[in-house]
Amino acid sequence: MDKLIIDGGVRLKGSVEVSGAKNAALPILAATLLADEKSVIKNVPTSLLDVITMVKIIRYLGAKVEVQGNTITVEPKGYKGCTAPYKFVSTMRASICLLGPLLGKQKYAEVSFPGGCVIGPRPVDLHLKGIKALGAKVKIYGGYIIADGRNLRGSHVYLGGHFGSSVLATANVMMAATLTKGRTIIENAACEPEVVDLAHFLKQMGAKIEGESTHKIEIEGVKKLAGAEHMLIADRIETGTYMIGAAITDGDIVIKKANPNHCIALIDKLREAGVSITFGKNEIHVRKTRSLKPVDVTTLPYPGFPTDMQAQFMSLMCVTKGISVITEKIYPERFMHLSELNRMGANIILEGPTAIVKGVKNLSGAPLMASDLRASAALVLAGLAGKGKSEVLRVYHLDRGYEDMEKKLSRLGAKIWREKE
Ligand code: UD1
C-alpha cells in the first residue's frame, strides 16, 4: 500500500490544472450503455481508481472500451450483460449509477446493494422509488437489487429524502426514462453540475430532456439513442481542494481549466474568511494576503456548500484563529477526519452533526490514517500547513478521486512524495 509523506510549511505558488470531474465521468460512462453506437468521452480523469473500476464494469458487461490519454471510447454494440457484481460495487458505491442505464436499455438490471460506508449509511430508497415509479418490479435478493423493467412507462415522481435531493438517484431515473415510453417528471431533482453535464450528454445522444439544472426535470422517452462525443466539465471538488491548499499555506496560485461558477458557495465562504479570490472564465486566482477569520459552514445540496468540501474546509478552520461551526446536513456522520486532525494538534469537538472548531496557531506533522476520499484530501491539506513531517497512510482512498495529486502539489512547490507503506 502507498503512503504520502509531506514536509509541511511550504507556501504553494504557481499554477495548477484541474482534471475532468470524476462525479460526471462515472454516470456519463454508464450512460454510454444506453446507445446503440460508439460514444467518445473527453477530459476523463482516466488514472482515477473509480474511473478504472467503471471501465472494468463496462467491459465486464460486454461493451468494448478504449482508453487513450484522457479520452474514453465506448462501443456498446451487442453487449448483453445486465449485472454489476459485488466485487465492483464494494470498491465503488457509485456503481449504483448503472441501474438506470441497464434498466433503460436491457429492461433488466442486477446491481449489488451498496450498503453503508465510513461516511455513514448510504440508503438507496430514492433510487428504488424512482425506478418503481417508472414501473420496474424490484426485489432485493442475495445482496442484489434486481429490477425487471419489461413494463416501464413514463411517470411523475418526487425524489426528495430526509437530506434533500439525491444526485445519483436523479441520474438513474433520468437515464432510465430516456428510453422509456411516455413523459417522466422528476420533482425535487438534484441540480448538481454533474447531473446537468449528464443531461447534456444524453441530449447529444438524442434524449429529450428539459429542466436540467432545476429541481424539476422532464424527460420524453425516445425509442433509440445514438452515440455522442462529449467533453466533461472540470472537477469542482478538485478545484476547491487546491483553493484551500493556497489558503492554508499562505499561498498564491492560479487554478486553470476550472469552472468558477460551479464553486461559488466555496468562493463565497473563502472570501468571507478573508482569502483573496479573483476569477475569469476558466481560471481562479487564490491568494492569502492577511490573517483569516473563522466562518461557519453548513453543507447543503447544490448550489449550497458541498459536503465533498466539508473536510478540507475544516482543515483550514483548524488553523484560523477563533471559533467556527461546521454543520453536515448531507452525511451527518461524515467526520472521520476530525480525530486525525486533533492528533495534529487541532481543537475540534463534535456535537451531533456539528463540529466546533477552535483555531490553533499551528498543526504539527503526524502519521495519519486516511479513511475516505475527501477526508484524505483534508489530511493532505493539514499536512501541507503543519510543522514537520506527516505521513498519510492508505492513500488509495485519495487515488479514487484526485488525479496526480502529489505531482500537482509538487509543481506548486510542496514537499510531498509517495512511498510504499
Ligand atoms: C454523490 C457524489 C458524492 C457526494 C454526494 C452528495 C457521485 C459519484 N457521488 O453521491 O461525491 O458526496 O452526491 O453531494 O456523484 N439518500 C437517501 N436515499 C437514497 C439516496 C440518497 O436518503 O436513495 C441520501 C444520502 O444518504 C445523503 C443524501 O441523500 O444523505 C444525498 O446523497 P446522494 O446525492 O444520493 O449522494 P450520491 O449520489 O450517492
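Criteria and thresholds
- Residues numbered from 1 in each chain as written.
- Predicted model: local features only at pLDDT ≥ 70, side-chain atom pairs only at ≥ 80, totals over all residues.
- Heavy atoms only, no water.
- Helix = DSSP H or I, 4+ residues; strand = E, 2+ residues; numbered from the N terminus.
- Rg over C-alpha atoms; globule rule 2.2 N^0.38 Å.
- Buried < 20%, exposed > 50% of the residue type's maximum accessible area, 1.4 Å probe, protein only.
- Contact = heavy atoms within 4.5 Å.
- Areas by Shrake-Rupley, 256 points an atom, 1.4 Å probe, with all protein chains shown as cover.
- Lys, Arg positive; Asp, Glu negative; His and termini not counted.
- Charge placed at Lys NZ, Arg CZ, Asp CG, Glu CD.
- 1 Å grid on protein atoms, 1.4 Å probe; cavity = no way out; pocket = protein on both sides within 12 Å on 5 of 7 lines; lining within 4 Å.
- Points joined across faces, edges and corners; volume = space filled by probe spheres on them.
- Nonpolar A, V, L, I, M, F, W, Y, C, P; charged D, E, K, R; others polar.
- Domains from an automatic or database assignment.
- Pairing = 2+ DSSP bridges.
- Axes fitted to C-alpha atoms, helices over the stretch in contact; angles between N-to-C directions.
- Salt bridge = Lys/Arg side-chain N within 4 Å of Asp/Glu carboxyl O.
- Parallel < 35°, antiparallel > 145°, perpendicular 65-115°, else oblique.
- UniProt positions renumbered as here; feature names shortened; annotations may be inferred.
- Expected span 1.5 Å × (residues − 1).

A. Quick look at the overall build of the protein. A tally of regular secondary structure across the protein gives 14 helices and 24 strands. Its C-alpha radius of gyration of 21 Å places the protein within 12% of the 22 Å reference for a compact globule of 421 residues. Oriented by its inertia axes, the alpha-carbon framework of the protein measures out at about 60 × 40 × 40 Å. Buried positions account for 59% of the 421 residues belonging to the protein. Partitioning the intrachain contacts of the protein with sequence separation of at least 6 by distance along the chain shows that 73% fall at a separation of at least 24. For the protein, the computed accessible surface area is about 16600 Å², with 51% contributed by carbon and sulfur atoms. Side-chain charges of the protein comprise 56 positive and 41 negative groups, with the mean position of each set lying 1 Å from the other.

B. Layout of empty space enclosed by the protein. Per the stated rule, a full pass over the model turns up one cavity of 30 Å³ or more. Roughly 30 Å³ of internal volume is contained in the largest cavity. The wall of the largest cavity is formed by S19, G20, K22, P45, L48, D235, E238, G401, Y402 and E403. In terms of residue class, the lining of the largest cavity is built from three nonpolar, three polar and four charged. Both domains that meet at the lining of the largest cavity, namely domain 1 (2–19 + 234–420) and domain 2 (22–231), each give it at least three residues.

C. Structural view of the sheet that holds strand 8 (residues 137–141). Read from one edge to the other, the open sheet built from four strands follows the order 6-7-9-8, with strand pairing classed as mixed. Each edge of the open sheet is held by one strand with a lone partner, namely strand 6 (83–84) and strand 8. As paired elements, strand 8 and strand 9 (residues 144–148) share five bridges and run antiparallel to each other. Within strand 9, the residue paired with Y141 across the bridge is Y144. Along the sheet, helix 4 (residues 99–106) makes contact with strand 6, strand 7 (108–112) and strand 9, crossing strand 7 at roughly 160°. Sheet strands in contact with helix 5 (residues 125–133) are strand 8 and strand 9, and its direction is about 145° off that of strand 8.

D. Just the pattern of salt bridges, in detail. Evaluation of the coordinates by the stated rule reveals 24 salt bridges. A salt bridge links R183 to E220; the shortest N-O distance between them is 2.8 Å. Taken as a pair, R183 in strand 11 (residues 183–187) and E220 in strand 13 (residues 216–220) lie far apart in primary sequence, 37 residues in all. For R183, a relative accessible area of 35% translates into the label partly exposed. With relative accessibility at 29%, the residue E220 sits in the partly exposed group. In this structure, the salt-bridge partner of R334 is D308, at a minimum N-O distance of 2.9 Å. Linking R334 in the loop between strand 19 (323–327) and helix 11 (337–343) with D308 in the loop between strand 18 (297–298) and helix 10 (310–318), this pair joins segments that are 26 residues apart in sequence. Taking relative accessible area as the criterion, R334 reaches 8% and is therefore assigned buried. Residue D308 is classed as buried on the basis of its relative accessible area of 17%. Because the salt bridges share partners, they merge into one network encompassing D2, D399, E406, R418 and K420.

E. Quick look at the packing of helix 6 (residues 167–178) against helix 7 (residues 193–204). It is at 10 Å that the axes of helix 6 and helix 7 come closest, and there the two elements cross at 10°. Of the possible angle classes, the one that applies to helix 6 and helix 7 is roughly parallel. Counted together, V167, T170, A171, M174, M175 and T178 of helix 6 and V195, L198, A199 and L202 of helix 7 form the full contact between these two elements. The class makeup of the residues in the contact of helix 6 with helix 7 is eight nonpolar, two polar and no charged.

F. Quick look at the UniProt feature "binding site: phosphoenolpyruvate" (unreviewed entry) in the protein. The positions UniProt marks with the feature "binding site: phosphoenolpyruvate" (unreviewed entry) are K22 and N23. Considered against the largest cavity, the annotated residues that line it turn out to be K22. Within the secondary structure, K22 sits in helix 1 (residues 22–31). If near-sequence neighbours (up to four positions away) are discounted, K22 is found in contact with P45, L48, D50, D235, L373, R374, R400 and G401. As for its placement among the helices and strands, N23 is situated in helix 1. If sequence neighbours within four positions are ignored, N23 has contacts with E194 and D308.

G. Local environment of helix 2 (residues 49–61). In this model, helix 2 (13 residues) spans 18 Å end to end at C-alpha, consistent with the 18 Å of a helix rising 1.5 Å per residue. Listed in full, the buried residues belonging to helix 2 are D50, V51, T53, M54, V55, I57, I58 and L61. In this fold, the buried residues of helix 2 make contact with helix 1, strand 4 (64–68), strand 5 (71–75), strand 6, helix 3 (86–89) and helix 4. One or two positions beyond helix 2, positive phi appears at G62, with a value near 115°.

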